[in-house]
Amino acid sequence: MMENREVNGMKSGCKRRIELPEEILAEIVARLPFRSVTRFKAVCKGWRSLIESTYFRRLFVFAHRNSSSSWSLMCGTFGWSVQEMAGFYGCKRYGLPRRLGSYIPPHGLVDKYKIIACADGLVLLRTVTKGEKFIVGSPVLRQWVQLPPHPWKGISSSVQVTGLVTRVVDSVVLEYKVVCMDNELGFEVESLIFEIYSSLTGRWTRKEVRCPRLIVSLSYQRCLSLNKMLHWLDNHYRSRSNVGAIVAYDFYAADDQQQCRVIPFPDQKACFRRAYTTSGGFLIYIDYINKINLLLRLWRLEEYTSDSGRWQLTQEINLTSFGCDHRYFPVAMHPSETHIIYMGNPDKALVSIDLKTHKLTLHTKSSAYRDTMVYHYLRTVYLSVNAGFDHDVFYTPQFTLPTWMGSVPRAPSI
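No experiment lies behind these values; they were computed from the predicted model shown.

**Student:** Any chance you could explain the overall build of the protein here in plain terms?
**Tutor:** Scanning the protein from terminus to terminus reveals five helices and 25 strands. The long-range share in the protein, meaning contacts at least 24 apart out of those at least 6 apart in sequence, stands at 50%. Accessible surface, the protein as shown: approximately 20,000 Å² in total, 50% of it carbon and sulfur.

Structure (C-alpha cells):
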C-alpha cells in the first residue's frame, strides 16, 4: 500500500486533517490537464516524485486515452520562415491556453533562430548568427538543450542539417538524434553520408549508408520523421511507371539492418498534384489525378522491407461531390484522424474535408487573409503546380505533442 498524503481542510470553521491514500490522489490528479499537473510538482518533493513516476504517467495516459492531442500544420519550409496554418490546442489532455504554433520561437529574434525540424513535441533550432549553434527543446515546457559544436562544420561546406528523429518508449521520448547530411557526392549517388548527434551519448558520429537503388536528387529540407525513421523525397526518381520516391532510413535499427530504403511512389502516370504527410501513425501519400473528374487517392505505406515497399490504396474520392474544382490541391492529413484531409485553394486558402460526413470547412476567414504568410505560401504552391512542375511532391510540416511530455533528454555531460 502506498503512503498516505495529509491534506488540510476546513469544515464548520474548524481545521481538520484529512489523510488520503496516494492511489486516490494520483487518480484525481491524473484526470487534470497536463498544464495543471505540472504545477503540482512544485508543491513538495513527494508530489514531484509521484508525478514523475512511471505509475502516474501510465495512469495519466490511460485517463486521457480518448482525448485528442494538440497539433499544428505549419506552412513554409523548415530552415526558413514558418507559420501555423491550422491546428488544435483545446484538448483536455494538455489544457493549453493558446495555439500550439505560438509556443515555437519566431524567426528573427535574439540569435536569429531558424526552425529546422520537429518530432514528438521537440523542435530543432539553428542560430544563423556568427558561431552557428544547434538547440533542441520543448517549446511548451520551455526546456532547451544546446548541443556541442558540430565537428565537421568549417571542414566541409557541403554538410547540411536535415532532421530530428526520436525514440519513444511507453509514451516517453527517451532519446533524440539530430541528423546532418553530407551532400558533397552531388546527384545520382549510391550511398548517403550522415553526421549524427545522439542525446544518449552526447557525441557526433559519422556514418555512410548504402542504398539499394540510385538516388537521383534528395530534397534534404523536406524531411519527415516517423517511427524512428527519417524520410526524404527524391522527386527526380524515375522508373517505367513511377515518378518520385521516398528515401527512408531507420536510425535506431540494428547494425545488420542499416540500409536506406528507396520506395517508389505508386503509379503516377495521370497524376498532376501530389503531397505526402502522416496520419494515424502511417506515412500517407496523396495524389490528385484527372483534371476533369478530380479523383483524389489516398495511399498508406504498409511495408518498408520489400524491394519497392508496399502501398495500400485506402480511399478514392471524387472531389466534385464536395464542391471542389481543379484549383484545389492536397496539403496534408489530420495527424490522428485519418478521414480528414486538408486542401489548398489560391482564393479560399485552406479547407478541410471530412470524408465521413462530407463536410467542407473553411479555415481562413479573416478579411486580412491576403496579407498573411499562409496566403502567399499556398498561392506559391498553386502557381508552381500550374507552371508545370508536375514532378514535385509537396510536404507540410506537422508539429504534434506526444501522449506525455517528459523532460527533454540530455547527455550526462550536458
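**Student:** What is the right way to read helix H1 (residues 22-30) from this model?
**Tutor:** Turn by turn, an α-helix covers 3.6 residues, leaving residues three or four places apart pointing in a common direction. Turning to H1, its buried residues are Glu22, Leu25, Ala26, Val29 and Ala30. Buried residues of H1, seen end-on, are gathered within an arc of 125° and therefore sit on one face of the element.

**Student:** Just checking my understanding: could you explain the sheet that holds strand S22 (residues 340-345) for this structure?
**Tutor:** Strand pairs in the sheet, formed through backbone hydrogen bonds, run parallel or antiparallel to each other. If you walk across this open sheet you meet the four strands as S21-S22-S23-S24, and the pairing is antiparallel. The open sheet is flanked by strand S21 (329-333) and strand S24 (359-362), the only strands paired with a single partner. Pairs of neighbouring strands in the sheet enclose a mean axial angle of 30°, with direction left out of account. Pairing of strand S23 (residues 349-354) with S24 involves four bridges; the strand directions are antiparallel. Bridge assignment links Ser352 to a residue of S24, and that residue is Thr361.

**Student:** What is the right way to look at helix H4 (residues 54-63) in this model?
**Tutor:** Inspection of H4 places Phe56, Arg57, Leu59, Phe60 and Val61 among the buried residues, and these make up the whole buried set. Tucked into the core, H4 has its buried residues touching H1, helix H2 (34-40), helix H3 (45-51) and strand S10 (172-182).

**Student:** When you look at the packing of aromatic side chains in this model, what are you seeing that I'm missing?
**Tutor:** Aromatic ring pairs are reported here in terms of the distance separating the ring centres and the angle at which the planes meet. Taken as a whole and judged by the stated rule, the model has 19 aromatic pairs. Aromatic pair Phe134 and Trp204: ring centres 6.1 Å apart, planes at 45°, arrangement tilted. Residue Phe134 is found in strand S7 (residues 134-138), and its partner Trp204 is found in strand S12 (residues 204-215); the two are separated by 70 residues along the sequence. Each member of the pair, Phe134 together with Trp204, is buried. An aromatic cluster of three or more residues is present, and its members are Phe34, Phe56, Phe60, Tyr94 and Trp404. For Arg98, the ring lying beneath its charged end belongs to Tyr103, and the centroid distance is 4.0 Å. Stacked on the ring of Phe282, the Lys or Arg Arg300 has its end atom at 4.8 Å from the ring centre.

Analysis parameters
- Residues numbered from 1 in each chain as written.
- Predicted model: local features only at pLDDT ≥ 70, side-chain atom pairs only at ≥ 80, totals over all residues.
- Heavy atoms only, no water.
- Helix = DSSP H or I, 4+ residues; strand = E, 2+ residues; numbered from the N terminus.
- Contact = heavy atoms within 4.5 Å.
- Areas by Shrake-Rupley, 256 points an atom, 1.4 Å probe, with all protein chains shown as cover.
- Buried < 20%, exposed > 50% of the residue type's maximum accessible area, 1.4 Å probe, protein only.
- Arc of directions from axis to C-beta.
- Pairing = 2+ DSSP bridges.
- Axes fitted to C-alpha atoms, helices over the stretch in contact; angles between N-to-C directions.
- Phe/Tyr/Trp six-rings, centres within 6.5 Å; stacked < 30°, edge-to-face > 60°.
- Lys NZ or Arg CZ within 6 Å of the ring centre and 35° of its normal.

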